[in-house]
Amino acid sequence: MSFQNNIFFQKVRDYSVSKEIFELHHNPEYDLLITFPKPSLEKLPSYYESEDYISHTDGKRSLFERVYHIIKNIALKNKVRLINAQSGKGRLLDIGAGTGDFLVAAKNDGWDATGIEPSEKAKSIALGKGVDFADNLSDLQSHSFDIITMWHVLEHVPNLEEYMLQLKRLLKPTGTIIIAVPNFKSFDANYYGRFWAAYDVPRHIWHFSKTAIQKLFEEREMKLVDVLPMKFDSFYVSLLSEKYKTGRMNFIKAFFVGLKSNRNGERTKEYSSHIYMIKNS
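Our subject in this report is the structure included herewith. These numbers were taken from a predicted model, which means no experiment stands behind them. (Residues numbered from 1 in each chain as written. Predicted model: local features only at pLDDT ≥ 70, side-chain atom pairs only at ≥ 80, totals over all residues. Heavy atoms only, no water.)

1. Things to note about the sheet that holds strand β2 (residues 21–27)
The following threshold applies: Following DSSP output, two strands are said to pair if at least two bridges run between them. Runs of H or I in DSSP of at least four residues are treated as helices and runs of E of at least two as strands, each being numbered from the N terminus.
Spatial ordering of the open sheet is given by β1-β2-β3-β8, a layout of four strands whose pairing is antiparallel. What marks the edges here is a single partner per strand, and that holds for β1 (7–13) and β8 (206–207). Relative to β8, strand β3 (residues 32–36) is paired through two bridges, and the arrangement is antiparallel. Note on β8: the bridge partner recorded for Leu33 is His207.

Next comes the structure, spelled out in structure tokens:
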């Protein structure tokens, strides 16, 4: 996979950890944004070393964190309903499992659930909840999973092509891959510009459009069969974007921006984040 003829899009700061400035480059062939420079594999873990990196903690220290976990619990129920709609209870692989709450919910609902999580801190929390983990994707048997999920994870992976090939290898012929990623073509992305929290550079290396997801998986003989909105994301991302833009969390302003983004999404089908349903061709 080679992304050539990229065009400078804009500069974005890492607001949550390093405060460094990165560039986003647009690839017109795939309608994809790429973070530049991409951190080395040795340095990349340092950009996750923050108590404020919320997906790696169960902390509820602030109002923001408490709101996050309330919404997270609602989203967990929706995720379990979604996987149940795709398949009878079978084998589930959740890549980027974080602190394991989705795996716990799926396991309690009857799934044979396994996780992959690179953060030792998050993994240790999940292990305390009884979650089962594999160390590496390469250790897992081919064509062994009915459902593979990546909830806001694909944008993080350094080697995109390798991951996509592994997804195809691990999926059963009749299985489904479920991928959730931010959408840089949404109203809230355009509204906040360089302050849009879902750019989250350099942890987010890739920034996908619907066109990008469809083309990338088609090249690996997989097909995009459905796209679903993640309507809660517009509110969460807008709240964090307000903090980056103004220095404080303006709940009222963020609520109205999130609401407008969802209303705009109803017309354009471009929501703050999308869930992509992918199957073998």
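2. So, the packing of aromatic side chains
As a reminder, the rule being used: Two rings belonging to Phe, Tyr or Trp (six-membered ring only in the last case) form a pair when the distance between their centres is within 6.5 Å. Interplanar angles under 30 degrees mark stacking, angles over 60 mark edge-to-face geometry, and anything in between is tilted.
Taken as a whole and judged by the stated rule, the model has 12 aromatic pairs. The interplanar angle of 75° and the centroid separation of 6.4 Å between the aromatic rings of Phe9 and Phe184 together place this pair among those described as edge-to-face. On the criterion of sequence distance, the pair formed by Phe9 in strand β1 and Phe184 in the loop between β7 (171–182) and α5 (187–192) is long-range, its members being 175 residues apart. Ring centres of Trp196 and Tyr199 lie 4.8 Å apart, and the angle between their planes is 85°; on these two criteria the pair is classed as edge-to-face.

3. Brief notes about the sheet that holds strand β9 (residues 222–229)
What counts here: Axis definition: a line fit to C-alpha positions, over the contact stretch in the case of helices; interaxial angles, taken between N-to-C directions, run 0 to 180 degrees. The contact criterion used throughout is that any non-hydrogen atoms of two residues lie within 4.5 Å.
Spatially, six strands are ordered β5-β4-β6-β7-β10-β9 in an open sheet, and the strand pairing comes out mixed. Each end of this open sheet is capped by a strand with a single partner; those strands are β5 (112–116) and β9. Taking the axes of each pair of neighbouring strands and ignoring which way they run, one obtains an average angle of 20° across the sheet. By the bridge criterion, six bridges tie strand β6 (residues 145–151) to β7 in an arrangement that is parallel. Paired with Trp151 across the strands is Ala180, a residue of β7. Along the sheet face, helix α4 (residues 160–170) touches β4 (91–95), β6, β7, β9 and β10 (273–280) and points at about 145° away from the line of β7. Packing of helix α6 (residues 210–218) onto the sheet brings it into contact with β7, β9 and β10, and relative to β10 it is tilted by some 20°.

4. Overview of the packing of helix α7 (residues 231–246) against helix α8 (residues 251–268)
The test is simple: When an angle is under 35 degrees it counts as roughly parallel; over 145 it counts as roughly antiparallel; between 65 and 115 it counts as roughly perpendicular; any other value is oblique. When the near helix sits turned anticlockwise from the far one by under a right angle, the crossing is termed left-handed; a clockwise turn instead gives a right-handed crossing. Classification convention: Asp, Glu, Lys, Arg as charged; Ala, Val, Leu, Ile, Met, Phe, Trp, Tyr, Cys, Pro as nonpolar; all other residues, Gly among them, as polar.
One can describe the packing of α7 onto α8 by two numbers: an axis separation of 8 Å at closest approach and a directional angle of 140°. Between α7 and α8, the interaxial angle falls into the category oblique. Handedness of the crossing formed by α7 with α8: right-handed. Together, Lys231, Ser234, Phe235, Ser238, Leu239 and Glu242 of α7 and Phe251, Lys253, Ala254, Phe255, Val257, Gly258, Leu259, Ser261, Asn262 and Glu266 of α8 make up the contact between the two elements. Taken together, the residues that form the contact of α7 with α8 break down as seven nonpolar, five polar and four charged.

As far as function goes, none of this settles anything; it's purely spatial.
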